[in-house]
Every structure is written in structure tokens, then in C-alpha cells.
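Now for the letters of each chain:
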Amino acid sequence: MAGRREFLQFLATAGLAGFDLGSRRSLAHADGTTAYHLPHFGNVSLLHYTDAHAQLLPLWFREPSVNLGLGDWSGRPPHLTGERFLAFNGIKPGTAEAYALTCLDFEAAARTYGKVGGYAHLATLVKQLRATRPGALLLDGGDTWQGSATSLWTRAGDMVAAQLELGVDVMTAHWEFTYGMERVLELIEGPMKGRIDFVAQNVVDNDFGDPVFRPYTLREQNGVVVAVLGQAFPYTPIANPRHLVPNWTFGIQEERLQAQIDAARAEGATVVVLLSHNGMDVDLKLAARVRGLDAILGGHTHDGVPKPMEVRNPGGVTLVTNAGSHGKFLGVLDFEVRDGKVRGTQYRLLPVFAELLPADPAMQTLIDAQRAPFLQKLAEPLATSEGLLYRRGNFGGTFDQVILDALMAVQDTEIAFSPGFRWGGSLLPGETLTRERLLDMTAITYPAVTVNEFTGERLKAILEDVADNLFNPDPYYQQGGDMVRVGGLTYTCEPGAASGARISNLRLKGTPIDAAGRYKVAGWASVGENVEGPPVWEVVEQYLKAHQTLATPNLNMPELRGVDGNPGLA
Ligand SMILES: [Zn+2]
């Protein structure tokens, strides 16, 4: 890997390998700043980011080393990690792009290439692209309002302010719903009204099946009518508490979607896209079953996919993309439209390198103002981490392990469960773990820690259930996040086995779990109603303050079977 100085020099002279950042001249501006130069293409442009998870500032984010695809889904995007990812996408190891898209040499690469994302840096990129693409629409795929202390404490007020400043035109949603129906409607009808179109064709009210939100919005761009349909996360009331959205029904609803696509075309739309929060596998299946979508701009599964998948269906071909997470990437989809038809497309997934894109002053001012009331509380140091802390991955991350270790220690149990959330940044070795970094991993509206007693049989059933939500061969049954993280308990997992037969060999301290025995389990983020307990960040904070220096936690990974050589295993 090139050194940091070489990287900065490289940026200033040649641009980033692998995605064309243009000529030396376009990079070297008179004011000394550098610019991403993406050759202009066509007459309709969509800028897309998704799953920002309320990260207003640049951060570290390690991509997963484990993202298994099974059967037909093995070895194809998004189920590629590490070197297999690079080979598939033709990316050279050790480059800035490899750093953005994979977990390889993460710590060294992070120290070389710097932090990613941040709304002030994203804003600069959006402005640069809008300057060369007049009328371009900015689409936000959802999971924007949740994932930080400030978003939780302002009930997404900080994020809506940032979205407005960024110039988001259209959004759909998932975690947004965890603020409850009233707050969602209050923001849509309040600050967003007339400025950001909230679209979700698959959310209807329980009583009469009436649409709750606009199914799509029509925008004219250089004389071409563009329809953006919205698809909210279809499993919101399963993966998150149903009691937060009691009057609304979600789901995939293919026929309804087809009717909306046809209606948008009948209204004169030449370009029709779906802004989706389905997750990549669900989008790939959906794209093969509906007609008339030029593209699905997807999110939820946080996959940075540099090349769109081309999916055939009875209506032609639909491009399927997924634009990563945490503000790390901006997808740019350009269409060449002539004589009422799409004649060509160009797609680029641009990593947002904070050091390459100067902060937009207006956005930085806004972010500083939003954070000002909370700075002291956010900055409180809780511990120093000796090892790399991260979350993302099918089975577990070191930051989750810290949470599990804290739950078991503070709640005095031998077993703990922590949800397989995909959001949350990373912490480099030696960094101070502040309260803000802890909230980045835990800030949700249902944070109660509980201790439950489960039989051995029930423990297995819970693991089987979550595994089926992750590894069911039919994407329409993939209804949650990654595998539940487990502390204390060890087990064997065969992802490719049949439903109910994936989990075996459950043990506690080497002793087999007794199906009829009873075990105390600490956990958090129950989707049940009226769950009482201290918020998880308080419990973990107590543990961190007692430790001060945090040794690299021992990752409790299950023994995996039947996945040797899987391209999703780096
Ligand atoms: Zn999501």
C-alpha cells in the first residue's frame, strides 16, 4: 500500500484509480482544492445516497468480511467480500477504492486514506455534480434519521435540517418509522412540506387499505418526465416494533407496484425508477418480476455495489444498484433520453473521501449549530480501545462483542443477545470511545435492557428464527438484519441447511445446552410493547467506565459449516 503522503499527492495529481476522477487539470483548481470529475453523460441524472444512519460527520466504516450468499446467490453481488470483491469488480488491492469498498487491511488503509462521509463533504460533492448536471435529482433511500445520539435526542430534527440543506428531493424510509407515526407525519407535513417528497407506495392504512404516503413523484428534468416511486422497508413491523406504527401495513405488494409503474408511465414518465429500501437480494428478485422500471436504486443491506446488476424481466432490463451506507458513497445514475426512450445509461458509485472534498461551509455551520447544545455530553470519554472496534458482518463484530460482554457483566448473566444491526461506525485501535461513539452503536427508540429466562429449546428456536431471516433462499423471506450476536453461548451454524436445521451444538462453557434447562439471557432492543429496563447505553457505559482501557474483545463466532470457499467469506 502506498503511504499517506503518496496518497495525497496522488489525489492532487492523477485522481483515484478505478473510477475516473478526470484529468490533472480538472483536479487542480486555482484555489488549491480538488474535485471529482465525472464526465457528463445524457440528459437525466439521479444522485443517490442511502442508509446514512444519521452520521453528520466523517467517520470510519469497515465493510464486512462475512456476507454470505447461498445457492443461486453465492458469488454474485452483493455477496462478495475482500479479494473476491476486488477481483469481481476489477479493483486493484491497496487502492483508495479498495479501502472504501472492502475490509482489507482496514486499519492501515484507514490511516492512509482518512475518514469517509460527512454531510458537509457530501454536500460539496452534490454541488459539484449538480453544476455539471443541471436539474439532477437527489434521492435519499432512507435510514437517514436514526443512528446517532443527536438524531435520537432531536427526534430526527437534526437530520431533516441537514437533508433540506443538502437539497434532497425525494426520500423513502425504514428506521424513520421508529420515531412513531405522529413524528413521521409531523416532519413530512412540517419542515419537509413542498421541499422533500416522502414516497412509499407499499404503506397503507389498516382500515381501508388507503395509501398513507404518495406512491411516487413526477419531476421534469431537461424536458424529460422522471417518475421516482418509493418502496419503504417492507418488514418494518417485523424487524422493528409494530406498536410504533400500529395503523400502517407494509409489505412488498408487487401488483400494487406494477399498477403504480403503469400509472406513472401513463402520466408521461419516460424514466421510471424505484427508490427502494428492500435490501439488495429482495430488489434483485423484484426486478425480475415487475415490468417498466429503468432502475431500482436500493438500500437497507448497506452494500456498496460499484456495477449495477442488469436484471431481465418481461418488460426488458432493470438496473439494480445499492449505494452503501453511512454517507460513504454517492451513486450517480445518468440516462441518455431521446425521442421518448432511454438510449443509454452510465452509473458510478463515488466514495466520499472527506479529505478530498472540502467541507461545504453552509452545511458545516448547520451541523455545528445542531450539535452545539450536546457537545459536552457527546464528548465524554468512556474508555480507550486497544483493538479495532466494528460491527458489520453476518455473525458478529468486535463492537457488538463489547456490548455483549457489558450486558453479561452488568446484568450478571452467562448469556447475552445483541441484535444483528448493520449500522454503526468503526473505532481504530487507540481511539477514545466517547459517549457519542457508543450512541452510534445503540441509539434507538426502544433501548431497554432486559433479562429473560429461556429454555435450551427456546434458545435454539430463537437462533433458527434469526438465521432463517438471514439465509432463507427466497429473498422475500429475508426479513431482518444480520445474525443475532451471542455472548457466552457457542454454536454451530450451517447457513445452507434447511429452515430449522441450521443451528446445532449449542454449548455454554463447553457443556451442551440442555433443551429442558433454563438459562438467564441479557438482551436489548426487544420489539415487544411496554418493555422496561435501563437503556443499553447506560449499561454499556457502566462497564466501559469500570474498564477504562478496553482490551480487544474475543469475538464469539459460531463454527460455520458448508461455506468453505464461499466468496462472501474473506
Ligand atoms: Zn434499513
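Values in this document were obtained by computation on a predicted structure and should not be read as measured data. (Residues numbered from 1 in each chain as written. Predicted model: local features only at pLDDT ≥ 70, side-chain atom pairs only at ≥ 80, totals over all residues.)

## Topic: the overall build of the protein chain
We count it as follows: Helix and strand assignments come from DSSP, with helices taken as H or I runs of at least 4 residues and strands as E runs of at least 2, each series counted from the N terminus. As a reference, a globule follows 2.2 Å times the number of residues to the power 0.38, and the radius of gyration itself is taken over C-alpha atoms. Residues with at least 20 neighbouring C-beta atoms inside 10 Å of their own are called buried, those with 12 or fewer are called exposed, and the rest are partly exposed, where every C-beta is derived from the backbone. Note that contacts rest on C-beta atoms placed from the backbone: two residues are in contact if these are within 7 Å.
When helices and strands are tallied, the protein chain shows 18 helices and 25 strands. Radius of gyration (C-alpha) of the protein chain: 23 Å, near the 25 Å computed for a compact globule of 570 residues. Sorting the 570 residues of the protein chain into buried and exposed places 53% on the buried side. For the protein chain, restricting intrachain contacts to residue pairs at least 6 apart in sequence, the fraction spanning at least 24 positions comes to 75%.

## Remarks on the sheet that holds strand S22 (residues 511–512)
Under the convention used in this document: The criterion for strand pairing is that DSSP finds at least two bridges linking the strands in question. What counts as an axis is a line fitted to C-alpha atoms, over the stretch in contact for a helix, and the angles between N-to-C directions run from 0 to 180 degrees.
Pairing within the open sheet is mixed, and its four strands lie in the order S22-S21-S20-S25. Two strands close off the open sheet at either side, each with one partner strand: S22 and strand S25 (559–560). Relative to S25, strand S20 (residues 489–493) runs parallel, the two sharing two bridges. Each residue of the ladder has a partner; that of Cys-493, found in S25, is Leu-560. Each of S20 and strand S21 (503–508) touches helix H17 (residues 456–471); the most contacted strand, S21, lies at about 130° to it.

## What about the sheet that holds strand S10 (residues 295–298)?
With respect to topology, six strands assemble into an open sheet ordered S6-S7-S9-S10-S12-S11, the strand pairing being mixed. Two strands bound the open sheet, and with one partner strand each, they are strand S6 (216–221) and strand S11 (309–313). The average undirected angle you get between the axes of adjacent strands in this sheet is 25°. In this structure, strand S7 (residues 224–231) lies alongside strand S9 (residues 271–276), joined through six bridges in parallel fashion.

## Considerations on the environment of Leu-293
Among the secondary structure elements, Leu-293 is positioned in the loop between helix H12 (280–287) and S10. Residues Leu-293 and Val-228 lie 65 residues apart in sequence; the distance between their C-alpha atoms is 9.9 Å. Among residues more than four places away in sequence, those in contact with Leu-293 are Ile-261, Val-272, Val-273, Leu-274, Ala-287 and Thr-318.

## A look at the nonpolar core
Here is the rule we go by: When buried Ala, Val, Leu, Ile, Met, Phe, Trp, Tyr and Cys residues are joined through C-beta atoms within 7 Å, the set is termed a nonpolar core. Annotation comment: domain bounds sourced from an automatic or database domain assignment.
Counting 168 residues, the largest nonpolar core has Leu-47, Val-228, Val-273, Leu-330 and Val-352 as its most contacted members. The leading source of residues in this core is helix H6 (residues 119–132), at seven residues. When residues of this core are sorted by domain, at least three fall in each of domain 2 (38–59 + 115–368) and domain 3 (380–560).

## Looking at the environment of Leu-544
Within the secondary structure, Leu-544 is located in helix H18 (residues 536–547). Note: C-alpha distance between Leu-544 and Ser-385 (159 residues apart in sequence) is 9.8 Å.

## Quick notes on the packing of helix H16 (residues 435–442) against H18
Counted only if it meets this: Under this scheme an angle from 65 to 115 degrees is roughly perpendicular, one under 35 degrees roughly parallel, and one over 145 degrees roughly antiparallel; angles in between are oblique. Left-handed describes a crossing in which the near helix is turned anticlockwise from the far one by less than a right angle; the clockwise case is right-handed.
Closest axis-to-axis distance for the H16/H18 pair is 10 Å, and the angle between their directions is 135°. With respect to H18, the axis of H16 lies oblique. Regarding H16 and H18, the two cross each other, and that crossing is right-handed. Where H16 approaches H18, its residues Arg-435, Leu-438, Leu-439 and Thr-442 are matched on the opposing element by Val-536, Trp-537, Val-540 and Glu-541.

## Observations concerning the pairing of strand S2 (residues 137–140)
Taking every second residue as pointing to the same face, both faces of S2 are buried, with Leu-137 and Leu-139 on one and Leu-138 and Asp-140 on the other. Two strands pair when backbone bridges link them, and strand S1 (residues 44–49) and S2 are joined in this way by four bridges, in the parallel orientation. Each bridged residue has a counterpart across the sheet, and for Leu-47 the counterpart in S2 is Leu-138. In this sheet, strand S3 (residues 170–171) lies alongside S2 in parallel orientation, the contact comprising two bridges.

## Structural notes on helix H13 (residues 361–371)
Put simply, the rule is: The reported arc concerns the directions from the helix axis to the C-beta atoms and nothing else.
Those residues of H13 not exposed but buried are Met-363, Leu-366 and Ile-367. Relative to the axis of H13, the buried residues are bounded by an arc of 100° and lie together on one face. Residues of H13 that are exposed and angled more than 90 degrees away from the buried face: Pro-361, Asp-368 and Ala-369. Looking at the buried side of H13, the elements it contacts are H6 and helix H8 (157–166).

## Considering H8
Regarding H8, the residues found buried are Asp-158, Met-159, Val-160, Ala-162, Gln-163 and Leu-166. Turning to H8, the residues buried within the fold contact H6, S2, helix H7 (149–153), helix H9 (181–189) and H13. Positioned one or two residues after H8, Gly-167 has a phi angle of 85°, which is positive.

## Points about the pairing of S6
The two faces of the sheet receive side chains in turn, since in a regular strand these alternate between them. Here S6 pairs with S7 via six bridges, running antiparallel. Its bridge partner being in S7, Tyr-216 is matched across the sheet by Leu-229. In textbook terms, the turn of a hairpin is the stretch between consecutive antiparallel strands, and for S6 and S7 this stretch comprises two residues, one of which, Asn-222, has a positive phi near 50°.

## Focus: the packing of H8 against H13
Each pair of packed helices can be summarised by the angle the axes make with each other and by the distance between the axes. Orientation of H8 relative to H13, taken along the N-to-C sense of each, is 170°, at an axis distance of 10 Å. One finds that H8 runs roughly antiparallel with respect to H13. Of H13, the residues touching H8 (which contributes Asp-158, Ala-161, Ala-162, Glu-165 and Leu-166) are Ala-362, Met-363, Leu-366, Ile-367 and Gln-370.

## A few points about unusual backbone geometry
Each neighbour pair has its own omega, and for Pro-77 with Pro-78 the value is 5°, a cis peptide bond. We note that Ala-156 has phi near 75°; this positive angle belongs to a residue other than glycine. Checked against the element boundaries, Ala-156 lands in the loop between H7 and H8. For Ala-156, a count of 24 C-beta atoms within 10 Å puts it in the buried group. Despite not being glycine, Asp-339 shows a phi value in the positive range, around 50°. With respect to the helices, strands and loops of the structure, Asp-339 is situated in the loop between strand S13 (329–338) and strand S14 (341–351).

## Notes on the environment of Phe-454
Tracing the backbone through its elements, the reader meets Phe-454 in strand S18 (residues 449–455). Remark: the alpha-carbon pair of Phe-454 and Ala-515, spanning 61 residues in sequence, is separated by 9.8 Å. Once you skip the residues sitting within four places of it in the chain, Phe-454 turns out to touch Leu-459, Tyr-519 and Val-521.

## Topic: the confidence of the model for the protein chain
Keep in mind that low pLDDT regions are not for reading the predicted coordinates in detail. Convention followed: Residue-level confidence of the predictor is summarised by pLDDT, bounded by 0 at the bottom and 100 at the top.
In this model, the protein chain carries an average pLDDT of 94, and 94% of its residues clear a pLDDT of 70 or more. In the model, residues 12–33 has pLDDT below 50 throughout and makes 38 contacts with residues more than four positions away in sequence or in other chains.

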